[in-house]
Amino acid sequence: MPPLKQGKAMRIRVIVILVLLGLLHAYIGWRILPGLPVEPAFKIAGGLLLACSLGLIPAGLLAHSVRQPWGDRLSWVGMLALGAFSSLLVLTFLRDLALLAAAVAGWHDPLFSKRTAAAVPLLAGAITLIGFFNARRVASVVSVDIPISGLPSELHGFTIAQISDIHVGPTIKRGYLDAIVDKVNRIEADVVAVTGDLVDGSVRHLAPHTAPLERLQARHGAYFVTGNHEYYSNAHEWIAEVKRLGLNVLLNRHVVLEHEGRQVVLAGVTDYTAHHFDPSHKSDPGRAIAGAPPGAAVKILLAHQPRTARAAADAGFDVQLSGHTHGGQFFPWNFFVPMQQPYVAGLNRLRQLWVYTSRGTGYWGPPKRFGAPSEITRLRLVSA
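Please read these numbers as outputs of a predicted model, since none were measured by experiment.

## Quick notes on the pattern of salt bridges
Alright, step 1. If you walk through the whole model with that rule in mind, you get 12 salt bridges.
Alright, step 2. Linking Asp314 and Arg351 is a salt bridge whose minimum nitrogen-to-oxygen distance equals 2.4 Å. Of the two residues, Asp314 is situated in helix H10 (residues 309-315) and Arg351 in the loop between strand S10 (346-350) and strand S11 (353-357); the sequence distance between them amounts to 37 residues.
Alright, step 3. Overall, Arg351 belongs to the partly exposed group, its relative accessible area being 44%.
Alright, step 4. Between Glu375 and Arg359 there is a salt bridge, and its shortest N-O distance comes to 3.6 Å. Residue Glu375 is found in strand S12 (residues 375-383), and its partner Arg359 is found in the loop between S11 and S12; the two are separated by 16 residues along the sequence.
Alright, step 5. In this structure Glu375 comes out as buried when scored by relative accessible area, which is 0%.

In structure tokens:
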């Protein structure tokens, strides 16, 4: 598509999104504000807050084009507004479903209507506040055993520390990543796996904040695969930067680890959508395992998106470690993830393949996690 047509199409999409956002804010105001059991002045204040939200959300999403440090500050405010708006919208819709059900049942109580109208902003505020603290705390270590049939005794207890979807960017900086690295190092794993979506931004702006990765420690080293967000942020520059920090980048290739006299094949693929940005980066589990020793005791694949699993199973892998989904991050988006991905979180089985999907170690967009806590995963291979 010619640049002029691309620019016009982009402007049309932006206008459509802004109109839709305005209509959804108007829907919340129309359904909630009149029913609030408060003085008119408070209803006016609520309307002004919705108007501010309507302005702050797109401003926060476009804050990357604003000069620092104002860009990060605008992003903070805009993302907090987006998180609160999301909960307001969902709760308003659920309230309307409850009112509709009451009307169908022939039950009408004005007090119920007022109380539920008041409950919507109160609950949205509480969820946003709890979600903020859940997102900003350092992720907990989650321990998972993966049973492997015929696993040699020398590999029983082989440990992988997985971190994923940290999203270093406008609201996640060096201190946040420093604390994650400290926790990972305390695991004393045999391997550290970083399964993509490390960053949201350029190397020029974020290199000082990703520097703590240089301290990652494991017996056989730390390994990285690209996620879709690396491709939004110039993947080639980030691949070079991650290598400079001492991590091994697995782009459709594998390494053979010698552990207690046994061989472990550790492979990695580029993101499932990488070919849209660079055709030479097309994700290919078959290519990643090509030439691996047939006598290897276990074959492990690092793949950012769970939907790589079918190709990984076809290629003969035993384990796939993924992220991408954030476990939904906060209600109700966990119900929408299965529309795109086969797995949302946790350990799942596809034929001979075990697929572990991390809920992510950071967050994307709103600093908010509710019902999907972040994690640093301690994965252990055990005899089935």
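## Quick word on the environment of Thr273
Alright, step 1. With respect to the helices and strands, the residue Thr273 is situated in the loop between strand S7 (262-268) and helix H9 (285-289).
Alright, step 2. Spatially, the C-alpha atom of Thr273 lies 17 Å from that of Arg253, the residues being 20 residues apart in sequence.
Alright, step 3. In contact with Thr273, other than residues within four places in its own chain, are Asn228, Gln305 and Arg307.

## Overview of unusual backbone geometry
Alright, step 1. Backbone torsion omega between Gln68 and Pro69 reads 5°, so that peptide bond is classified as cis.
Alright, step 2. Assignment of secondary structure puts Pro69 in the loop between helix H2 (40-61) and helix H3 (70-104).
Alright, step 3. Within the chain, His167 stands out as a residue other than glycine whose phi angle is a positive 60°.
Alright, step 4. With respect to the element layout, His167 can be found in the loop between strand S2 (159-163) and helix H5 (174-187).
Alright, step 5. Owing to a relative accessible area of 4%, His167 belongs among the buried residues under this scheme.
Alright, step 6. The backbone of His324 sits at a positive phi, close to 75°, despite the residue not being glycine.
Alright, step 7. If you trace the backbone, His324 turns up in the loop between strand S9 (319-322) and S10.

Thresholds applied
Residues numbered from 1 in each chain as written. Predicted model: local features only at pLDDT ≥ 70, side-chain atom pairs only at ≥ 80, totals over all residues. Heavy atoms only, no water. Salt bridge = Lys/Arg side-chain N within 4 Å of Asp/Glu carboxyl O. Helix = DSSP H or I, 4+ residues; strand = E, 2+ residues; numbered from the N terminus. Buried < 20%, exposed > 50% of the residue type's maximum accessible area, 1.4 Å probe, protein only. Contact = heavy atoms within 4.5 Å.

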